[in-house]
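Structure assessment
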Amino acid sequence: MSDVLLSVRDINLRFGGVVALDGPSFDLHAGQICGLIGPNGAGKTTLFNCISRLYVPDSGQIRLGDTDLLTLRTDQIADVGIARTFQNLGLFGSMSVLENVLAGGYHRTRSGFWPTGLGLPSVRGEERREVAAAREVLDDLGLSAVASKPAAGLPYGTLKRVELARALMARPRLLMLDEPANGLIHEEVLELADTIRRMADTRGLSVLLVEHHMAMVMKVSDQVVVLNLGRKIADGTPDEVRAHPEVIEAYLGGAA
Amino acid sequence: MTSPAPATSASSRLRGGLRGLRQAQPPLDAPVWLKWATFLGVLAVAVLVPLNSAPYVNFDLSMVMIYAVVGMGLNLLIGFNGQISLGHSAFFAIGAYIAAVGIQEGWHYLAVLPVALVVTWVVGYLFGLPALRLGGLALALVTLGLAIVTPAAIKRLDEYTHGQEGINVYTATPPDWSGLERDQWVYFLCLVALALVWVITRRISTGRIGRSLIAVRDNETVARTLGVRSSRTKTAVFALSAAYAGLGGVLYVYVVQFVGPDSFGLVMAIAFISLVVVGGLGTLSGAILGAFFIVYVPEWTADINQAASGMAYGIALILFMFVMPFGLGGLVRALLRPIVERLPGRRGPLSMRTPPQAGPRVGPDESAERDRDQIGI
């Protein structure tokens, strides 16, 4: 098997008296897609927020390659190669679609305050390259037609794709998608699954995917990790996980 | 029978118009030829007017340009980055006093300019470091405190500032080669300053930096996950806007040739806020329109009734927040849009910028929490 890209070890996090994460550990290998599933309140998004440094776990370890993520600030996460989307969209409503996608390239680009104010040629060159790159990503995801529309007011499914485009614009090693199929109709979900698979294969991305749409997760994932009440209850190939008794229990709701 | 006749009564048209004014107005995306024509037209007027006007007119117009410089900084800070400052009159005062004291000490009047810029930038940076952690209402109150304390601090430092007496300087005399009167010379100094500030502000409000400012304003949590170090960004904008205010202070000394503590009190702080509200957030031209407002409207109202001049700002603030939260800049865009959109030669919007979704956000700093609710984390 290929190298481990993301390694999560014994993450514990409590909010007051509520145990949100109760020591889950797993590895994500480079170039693979890992589905992270579980019933509502299982701790999937909480784990996402630990990895992207929005929450600070009480204990445990998260590494990306050789980097200890827990030593970084939130704004350094993009630099080590992590991009994410948000469950209920984290787009900038007053910006156009193109600008939202351009914002994804922020961490890769260097034009600072002074050079920008002085209008140095390097700033213009960088902006030109970025606009070209953003248009390419938009084209790739079939969003060129809405490039100049303000993000606020576009259909939900379109915005989900815009957010994916912004994450790709960051050129990450690890792409974290929080319920990308949420609010999409069935055909769109399958299309999205193909897109994600294609991105992983063509761009050499690893993907961590939180999703409720089970057919999609099982179709697209190389590995599936199942959380329930903050604990990991299964970890394996889609087929292994599907047959796992505890998973069936958690999903079909065994009597308490 | 599916489409009912459009309502044409005067009152419903008025209601529709008012609703339009309350909406955010994206940029006009005018064709390039129109932009150049506007630029050359404005330039021609700006150059010809002072050569054919009475000195008092030129001094008034110089004041408009000075306030426009301050307004552009506040626009970057409040409009683009979502941070409220009510205290930029303090930085204006620092710039003015550095100029007055420096000129009195025998410095050349242009030599005080870089000193004032650097000092106000540094003071703004140092003040911004702790203040910007507060955000929202707390930031508004802290900066209001700065505005309140300014006249008292000037009086207290009377060794340098001559306290209540103030400082008279005779400065900005036109060089012989120019053949200009003092009022004209000062006018052109202000015009050059405003043009430079306009260009710099325009660049900073677009591109990578502009996007990061708006990102921090719209959703700071998400901005941070994209790599924006929001505390740095906010401090940099605060410092820059403080330097703009400092520049305004220096130019003020060129025009007025006098500084005294009572010029830089709450009245000026309120004038700056009125400028931003009346001009409209998120449009550069709004800063100029707002500056015209705070120079001329108090004069006109004073002609009607002495007591009315103080009321102008208050009434304008109430009216604009209710009726036109995007200010005159938004009004101009709303009025010109139907015309501009019919013009040939538009290249299609490459970048789009809209003002914030609502007027300035004054409230407790729930932004982080709201961001999180919004994105579901």
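Predicted model, so just to flag it, every value in this text is computed and none were measured.

**Description of the overall build of chain A**
Check the secondary structure of chain A and you find 10 helices and 11 strands. Computed over its C-alpha atoms, the radius of gyration of chain A comes to 19 Å, within 12% of the 18 Å expected for a compact globule of 256 residues. For the C-alpha atoms alone, the extent of chain A along its principal axes is close to 65 × 40 × 40 Å. Scored against the burial criterion, the 256 residues of chain A give a buried share of 57%. Of the contacts formed within chain A by residues at least 6 apart in sequence, a portion of 68% connects residues at least 24 apart.

**Re the environment of Val149 of chain B**
Residues and elements named next belong to chain B. Within the element layout of this structure, Val149 appears in helix H6 (residues 136-156). Residue Val149 is classed as partly exposed on the basis of its relative accessible area, which comes to 46%. The spatial distance from the C-alpha of Val149 to the C-alpha of Leu266 is 9.3 Å, given a sequence separation of 117 residues.

**A few points about the interface of chain B and chain A**
Contacts between the two partners involve 42 residues from chain B and, on the opposite side, 44 residues from chain A. Buried surface at the junction of chain B and chain A, summed over both partners, amounts to about 3800 Å²; 60% is from carbon and sulfur atoms. Considering only the side of chain B, the residues that lose the most area to chain A are Arg208, Arg211 and Leu226 of chain B, jointly responsible for 21% of the buried surface there. Remark: the boundary between chain B and chain A carries 1 salt bridge.

**A few points about the domain arrangement of chain A**
Residues and elements named next belong to chain A. Domain assignment breaks chain A into domain 1 (4-81 + 172-252) and domain 2 (93-155). Measuring from the centre of the C-alpha atoms in domain 1 to the corresponding centre in domain 2 gives 28 Å. With 6 residues of domain 1 in contact, the opposing surface of domain 2 contributes 5 residues. Here domain 1 and domain 2 share an interface that buries about 420 Å² over both sides, 42% of which is from carbon and sulfur atoms. The largest contributions to the domain 1 side of the interface with domain 2 come from Ala78, Asp79 and Arg203, which together make up 63% of the buried area. Summed over the shared surface of domain 1 and domain 2, the number is 3 salt bridges.

**Side note on a nonpolar patch on the surface**
On the surface, Val32, Trp36, Phe39, Leu40, Leu43, Val47, Leu48 and Leu51 of chain B cluster together to form a nonpolar patch covering roughly 750 Å² of accessible area. Position of Val32 of chain B relative to the elements: it lies in helix H2 (residues 32-51).

**Observations regarding the packing of aromatic side chains**
Each aromatic ring pair is described using two quantities: the centre-to-centre distance and the angle formed by the ring planes. Residues and elements named next belong to chain B. Applying the stated criterion across every chain, the model contains 18 aromatic pairs over all chains. Look at Phe127 and Phe238: their rings are 6.0 Å apart centre to centre, the planes differ by 25°, and that puts the pair in the stacked class. Here Phe127, found in helix H5 (residues 112-134), pairs with Phe238, found in helix H11 (residues 230-256); they are 111 residues apart in sequence, far enough to count as distant. Note on Tyr187 and Phe188: the rings are 5.4 Å apart at their centroids and 85° apart in plane angle, and the pair reads as edge-to-face.

**Remarks on the sheet that holds strand E10 (residues 223-228) of chain A**
Hydrogen bonds between backbone atoms are what pair the strands of a sheet, whose relative direction is either parallel or antiparallel. All names here are of chain A. Pairing within the open sheet is mixed, and its 6 strands lie in the order E7-E8-E9-E4-E10-E11. Lying at the two open borders of the sheet, with one neighbouring strand each, are strand E7 (82-84) and strand E11 (231-236). Looking at each pair of strands side by side, their axes are set apart by 15° on average, direction ignored. Alignment of E10 against E11, held across 5 bridges, turns out to be antiparallel. Looking at E11, one finds that Leu227 is bridged to Lys232. Taken strand by strand, helix H6 (residues 156-169) contacts E7 and strand E8 (174-178), and its axis lies near 160° from that of E8.

The rules behind these values
Residues numbered from 1 in each chain as written. Chains lettered and ligands numbered in written order. Predicted model: local features only at pLDDT ≥ 70, side-chain atom pairs only at ≥ 80, totals over all residues. Heavy atoms only, no water. Helix = DSSP H or I, 4+ residues; strand = E, 2+ residues; numbered from the N terminus. Rg over C-alpha atoms; globule rule 2.2 N^0.38 Å. Buried < 20%, exposed > 50% of the residue type's maximum accessible area, 1.4 Å probe, protein only. Contact = heavy atoms within 4.5 Å. Buried area = accessible area lost by both parts, 1.4 Å probe. Salt bridge = Lys/Arg side-chain N within 4 Å of Asp/Glu carboxyl O. Domains from an automatic or database assignment. Patch = residues over 30% accessible without salt bridge, like charges linked within 9 Å, V, L, I, M, F, W, Y side chains within 5 Å. Areas by Shrake-Rupley, 256 points an atom, 1.4 Å probe, with all protein chains shown as cover. Phe/Tyr/Trp six-rings, centres within 6.5 Å; stacked < 30°, edge-to-face > 60°. Pairing = 2+ DSSP bridges. Axes fitted to C-alpha atoms, helices over the stretch in contact; angles between N-to-C directions.

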